[in-house]
Each structure stands twice: as C-alpha cells, then as structure tokens.
Amino acid sequence: MRKKGILITGAAGEIGDALIKSLAARDTHDLITMDLRPLTPENARLVTHIQGDLLDQALLSRMVSEYEITIIYHLAALLSTRAEFSPEAAHKVNVEGTMGLLKLASEQSQWRGDPVLFIFPRSIAAYGMPDLETKENFPHVREWEWNYPVTMYGCNKLYCELLGTYFSDHFRQLAAERPVMLDFRSVRFPGLVSAYTVPSGGTSDYGPEMLHAAAQGVPYACFVRPDTVIPFMAMPDAVSALLKLASAPAGKLSRRVYNVTSFSLTAAEFQERVCRAFPGAQISFAPDLKRQGIVDSWPAGLNDHDARRDWDWSPEYDIDRSFDEYLVPNIRKRYQTK
Ligand SMILES: NC(=O)c1ccc[n+]([C@@H]2O[C@H](COP(=O)([O-])OP(=O)(O)OC[C@H]3O[C@@H](n4cnc5c(N)ncnc54)[C@H](O)[C@@H]3O)[C@@H](O)[C@H]2O)c1
C-alpha cells in the first residue's frame, strides 16, 4: 500500500518555509516537498524533499507510485517581476506546471475514490485597475471585479483558477459517468511580509525589502511613489488562511476562489513605521515607472467578506500587531544574531 502524503510544491519559497513548520507541527500525514532549490536544513528534517522540476513528469509519476497524495499545496511559481522578464518560462511553470499537477490530482482522485484537495495561492495580481481614479473609486475589490491583469503572472494565475474550477466542477462533463473530481480551492493574497525570509521576484516586495534593509542598516530606495497603496498581510496569517481553507467543510464553501486580506497602507506609511522601529533607517523613494505601473493596476484593498462568512476567516495580525509583535521584533532578532 502507498503511504498517505501531503505535497507542497515550491516549498523552498517564502510561504513554503512557513507552511512546512505549521503542517509538520499538526499533521500526521507524511509531508512531501518539491522545489528546484534545497530546503533549509531545519525544514529538510521535517519532510521528504524532492529537489527537482515540477515540469518533470517522470518525477511526479515516481512520487505517486510511492505516495497517495491527499492534499496538494501548489506554491511553485515564477512571481510577477520575474515573469515579466521571461514570460514563456513563466507560462511553462505557472500554467503548464499547474496543468500537470491538476491532471495528477484528477487521476489520483479517481484512484482514491475521494477528491484530492488542491490549494492554490493567488494574488492581487489577478486584478487590473485601468487607472488611479478607478483604483480610488473601488477601494475594496470583490473576487469577480476588475479581473483584467496586466502582468504575465496575473494572466497565468487567473487562467489557472479557471482550470482548477473546471477540473473540480466540469471535468468530463459529456462522459456517461461523472468521475470523482478534485477539490480546488484558491486564496487571493495581498502582498505578504515575512520576518524570516526576504522576497524576490515579486512587485509588492518594496514593503518587506524596506524593513529588512532598515534592520541591517542598509540604505534602501523604494521603487514606487510614496502615495502608492496596496494591501498587505503578515506571513502567519497567510499560512493560517491556507490551513483554514483546506480544513473547511466542502459544503460550507460557496466559491472556489476567495479574497483574504489584512491591512492596506501607502508606501509612505510603510516607511514611517519602519523608521519608527529602526530610527537610523535610510529609506528614499526612486520610483521605477514601469514597476509603478504594475502596482498602480493592483487594488488598494480587497473585500474578503465571503471568506469571513464561509470559513470564518479573519486575520490575527492587524497593522499594529503585524509590525509591533511579529515583524519588528523578529526581524531585529534575525539580524542581531548574525
Ligand atoms: N509572497 C507573496 O507576497 C505572495 C502573494 C500572493 C501570492 N503568492 C503566491 O504564493 C505562491 C508562493 O509564493 P512565495 O512567495 O513562497 O514565492 P517564492 O518565489 O518565494 O517561492 C516559489 C518557489 O517555487 C519554486 N519553483 C519555481 N519554479 C519551479 C519549478 N519549475 N519546479 C519546482 N519548483 C519551482 C522556486 O524555486 C521557489 O522556491 C506563489 O504561487 C505566489 O504566486 C505570494
């Protein structure tokens, strides 16, 4: 018999790093992780890590010959800025990689006679506001509004949400018998800020970059205007959203894609908070007009009413707790010990 296992792709990334620790502390199933990169030694002890490419079908086949996958947390992706530099590579990883995993989850759902749960994080990059006036007029965007992404990453992820919904609700709709279908659930995150990892390749990275630079006493030039506003969330809330959505009873869910959010603030307000915590911080503003255009197309805030209603979502870290209890003390400690 195969062992039951939970798969995390992109496990060496920012969310993966935090998710592994939470899952290892609570789950009885084996954790199998996959990434192009190795894990930290601390996380490697908690899981069986497959270092390799998500697009390698032979690798995936070997994995399912050994493990009965019950849940997939599909985190592997090329993020928004990176994807703009290599759109075809982004399409391969973000779309073809996701399609391969959805096929795998679909087949495994048949084998098990029980849906494989497919958890997929998305982001505000799904949205595309045409101009700043519209952004100001629609400050709390709902899941179905302004789905006109302007980045390759946003387009890739929006399509994959549709694919996931298709595989969950309509797969083989013309067949005589309906198959057991996978159970796709997606959260659209705001920009995430971790105290323990530094982001790379995203376009909301200016927030966390400011904090980590200030804590190290390194000057930082923010690549957006001071008045730029988008929503953010502390990493522990992001992990808790993934776990909460995964454990919600299917009957309670009225949608497959949910917004979640915590707080919105401008880049200037972010800077103020960073300077209050690290008085010597040298943060200037040097907007990069092209990256600015991308951030301007993202909403200033998300409406997460449906997540709150359907699966009791609410962030534990508001803006003050995020900075005062999670980010500042832990980032300070992180760089003091080095
Ligand atoms: N960090 C954020 O602010 C944020 C916000 C919203 C949504 N998300 C989403 O959450 C997911 C994880 O984000 P993250 O911040 O941890 O990203 P990350 O860039 O830190 O991690 C992604 C990981 O995927 C791996 N990867 C890339 N291509 C791969 C491939 N072909 N095969 C195997 N592994 C591969 C990378 O090596 C990396 O470790 C992404 O899908 C992203 O879209 C992140």
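In this text, all values refer to a predicted model and were calculated from it rather than measured experimentally.

Caption draft 1: Broad picture of the packing of helix 1 (residues 14-26) against helix 9 (residues 235-247). Following both chains from N to C, one finds helix 1 and helix 9 inclined at 60 degrees, their axes separated by 10 Å at the closest point. In this view, helix 1 runs oblique relative to helix 9, as classed from their interaxial angle. Judged by the twist between their axes, the crossing of helix 1 over helix 9 is right-handed. For the pair formed by helix 1 and helix 9, the contact residues are Glu14, Ile15, Ala18, Leu19, Ser22, Leu23 and Arg26 on the first element and Met235, Val239, Leu242 and Leu243 on the second. Considering only residue class, the contact of helix 1 with helix 9 consists of 8 nonpolar, 1 polar and 2 charged.

Caption draft 2: Quick peek at the pairing of strand 6 (residues 183-189). Most of strand 6 is tucked away: 7 of the 7 residues are buried. Burial along strand 6 is two-sided: the face carrying Asp183, Arg185, Val187 and Phe189 and the face carrying Phe184, Ser186 and Arg188 are both buried. Bridge analysis of strand 5 (residues 117-123) against strand 6 gives 7 bridges, and the strand direction is parallel. Among the inter-strand pairings, Pro121 is bridged to a residue of strand 6, identified as Val187. When strand 6 meets strand 10 (residues 257-259), the two strands line up parallel, connected through 3 bridges.

Caption draft 3: Local environment of the nonpolar core. By size, the foremost hydrophobic cluster in this structure holds 80 residues, and its most contacted members are Tyr73, Phe189, Tyr206, Phe278 and Trp311. The element contributing the most residues to this core is helix 9, with 8 residues. Once residues within four sequence positions are removed from consideration, Tyr206 is found in contact with Tyr220, Cys222, Phe223, Val224, Thr228, Ile230, Phe232, Ala267 and Val295. Counting residues in hydrophobic clusters, the runner-up holds 28 residues, among them Ile32, Tyr67, Ala76 and Leu102.

Caption draft 4: Focus on the site of the ligand. The environment of the ligand is formed by 25 residues, the closest being Ile15, Asp35, Arg37, Tyr153 and Lys157. Between the ligand and Gly13 there is a distance of 3.3 Å, counted from an oxygen atom to a backbone nitrogen or oxygen. A distance of 2.5 Å separates an oxygen atom of the ligand from a polar atom in the side chain of Lys157. Protein coverage of the free-state accessible area of the ligand, which is 830 Å², stands at 93%. It is strand 5 that contributes the most residues to the shell around the ligand, 3 residues altogether. Split by residue class, the shell around the ligand holds 14 nonpolar, 5 polar and 6 charged.

Calculation rules
Residues numbered from 1 in each chain as written. Predicted model: local features only at pLDDT ≥ 70, side-chain atom pairs only at ≥ 80, totals over all residues. Heavy atoms only, no water. Axes fitted to C-alpha atoms, helices over the stretch in contact; angles between N-to-C directions. Helix = DSSP H or I, 4+ residues; strand = E, 2+ residues; numbered from the N terminus. Parallel < 35°, antiparallel > 145°, perpendicular 65-115°, else oblique. Left-handed = near helix turned anticlockwise from the far one by under 90°. Contact = heavy atoms within 4.5 Å. Nonpolar A, V, L, I, M, F, W, Y, C, P; charged D, E, K, R; others polar. Buried < 20%, exposed > 50% of the residue type's maximum accessible area, 1.4 Å probe, protein only. Pairing = 2+ DSSP bridges. Core = buried A, V, L, I, M, F, W, Y, C linked by side-chain atoms within 4.5 Å. Near = heavy atom within 4 Å. Polar contact = N/O pair within 3.5 Å; in protein donor to acceptor, adjacent residues only side chain to side chain. Areas by Shrake-Rupley, 256 points an atom, 1.4 Å probe, with all protein chains shown as cover.

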